[in-house]
Amino acid sequence: MSNYLTEDRIAAALATATQPEGETPWRLLLTKPPTTYADVRSALTLARMPDVWRFSGKDERTILAEASRAEVVHGLARRDGYLQALAAAEHMLSTAPVLPTHMDVRLAPWDDGPCLVFSFHKEPAAVHEFAAHFGTQVTEHPHLEVDIRVETVGITESGVRFEAYTLVDGPAVAE
């Protein structure tokens, strides 16, 4: 999760969020807001499993309140993840010796951090140059039985995962 989740930021986000009706008010919860991905997932998973609520030692209103609070924290962390990835992308693009054809920021709701994906259109030399600049290794893998994926993966100094790849035609298959 985000490195920037502090109690003050979480409190500010919760103060501006609207809590669903029928839950224990967030201010009355005895537990602290989650600050790790595991704690967020735990609260969200428990809320989706009413059959196990009786084993948790908490009432329904509290379980739902902890889950809605976890959703706010999760949204805050995901927003931070996107902003961290965009800052890393800005740095990478400003220093890279070659520019990609396309760039994506990927951050799935269940993921623990963003990933930058740079693609180069049929330019294996560009992937090699990109990898050399960022100190990563290049690998080649078969892709869909007809192409070869030339790729490099790494992590930026700020902790953002990245990959750069291109697809090239594979060797012709003799019939």
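The model shown is predicted, which means the values in this text are computed figures rather than measured ones.

Criteria and cut-off values
Residues numbered from 1 in each chain as written. Predicted model: local features only at pLDDT ≥ 70, side-chain atom pairs only at ≥ 80, totals over all residues. Heavy atoms only, no water. Helix = DSSP H or I, 4+ residues; strand = E, 2+ residues; numbered from the N terminus. Rg over C-alpha atoms; globule rule 2.2 N^0.38 Å. Buried < 20%, exposed > 50% of the residue type's maximum accessible area, 1.4 Å probe, protein only. Areas by Shrake-Rupley, 256 points an atom, 1.4 Å probe, with all protein chains shown as cover. Arc of directions from axis to C-beta. Contact = heavy atoms within 4.5 Å. Phe/Tyr/Trp six-rings, centres within 6.5 Å; stacked < 30°, edge-to-face > 60°. Lys NZ or Arg CZ within 6 Å of the ring centre and 35° of its normal. Pairing = 2+ DSSP bridges. Axes fitted to C-alpha atoms, helices over the stretch in contact; angles between N-to-C directions. Salt bridge = Lys/Arg side-chain N within 4 Å of Asp/Glu carboxyl O.

**Concerning the overall build of the protein**
Scanning the protein from N- to C-terminus turns up 5 helices and 5 strands. Reading the protein from its N end, one meets helices and strands in the order α-α-α-α-β-β-α-β-β-β. Radius of gyration (C-alpha) of the protein: 22 Å, far over the 16 Å computed for a compact globule of 175 residues. Principal axes of the C-alpha set define a box for the protein whose edges measure 65 × 40 × 20 Å. Across the 175 residues that make up the protein, the buried fraction comes to 38%. Within the structure as shown, the protein displays about 10,800 Å² of accessible surface, and the carbon and sulfur contribution to it stands at 55%.

**Examining helix α1 (residues 7–16)**
Among all positions of α1, only Ile10, Ala13 and Leu14 are buried. The buried residues of α1 occupy an angular sector of 95° when projected down its axis, which confines them to one face. Looking at α1, the residues exposed on the side facing more than 90 degrees away from the buried face are Asp8, Ala15 and Thr16. Looking at the buried side of α1, the elements it contacts are α4 (60–95).

**Remarks on the packing of aromatic side chains**
In total, this model carries 5 aromatic pairs according to the counting rule given. Ring geometry for Phe118 and Phe130: centres 5.2 Å apart, planes at 50°, overall tilted. Within this pair, whereas Phe118 is found in strand β2 (residues 115–119), its partner Phe130 is found in helix α5 (residues 124–134), the two being separated by 12 residues in sequence. Here Phe118 and Phe130 have matching classes, each one buried. Aromatic pair Phe120 and Phe130: ring centres 5.7 Å apart, planes at 65°, arrangement edge-to-face. One end of the pair, Phe120, is in the loop between β2 and α5; the other, Phe130, is in helix α5, and 10 residues separate them in sequence. Here Phe120 falls in the buried class, since its relative accessible area comes to 3%. Ring pairing ties together the aromatic residues Phe118, Phe120, Phe130, Phe134 and Phe162, which thus form one cluster. Taking the ring centre of Tyr165 as reference, the NZ or CZ of Arg149 above it sits at 4.0 Å.

**Considering the sheet that holds strand β5 (residues 161–169)**
Taken in spatial order, the 5 strands make up an open sheet running β1-β2-β5-β4-β3, and their pairing is mixed. The open sheet has two free edges, formed respectively by β1 (102–106) and β3 (138–143), since each of these has just one partner strand. Between one strand axis and the next, the sheet turns through 25° on average, direction left out of account. The pairing of β2 with β5 spans 5 bridges and is parallel. Note that in β5 the partner of Phe118 across the bridge is Ala164.

**Digging into the pattern of salt bridges**
Scanning all chains against the criterion turns up 7 salt bridges. Residues Lys32 and Glu7 are paired through a salt bridge, measuring 3.6 Å at the closest nitrogen-oxygen approach. Highlighted residues: Lys32 in the loop between α1 and α2 (37–47) and Glu7 in helix α1, separated in sequence by 25 residues. In this pair, the class of Lys32 matches that of Glu7, namely exposed. Where Arg149 meets Glu163, a salt bridge forms, and the shortest distance between an N and an O atom there is 2.7 Å. Separated by 14 residues along the polypeptide, Arg149 in strand β4 (residues 147–155) and Glu163 in strand β5 bring together distant segments of the chain. In the salt-bridge network here, residues are joined through shared partners; they are Arg149, Glu151 and Glu163.

**Observations concerning α2**
Looking at α2, one finds that the buried residues are Tyr37, Val40, Ala43, Leu44, Leu46 and Ala47. On the buried face of α2, the contacting elements are α3 (53–56) and α4.

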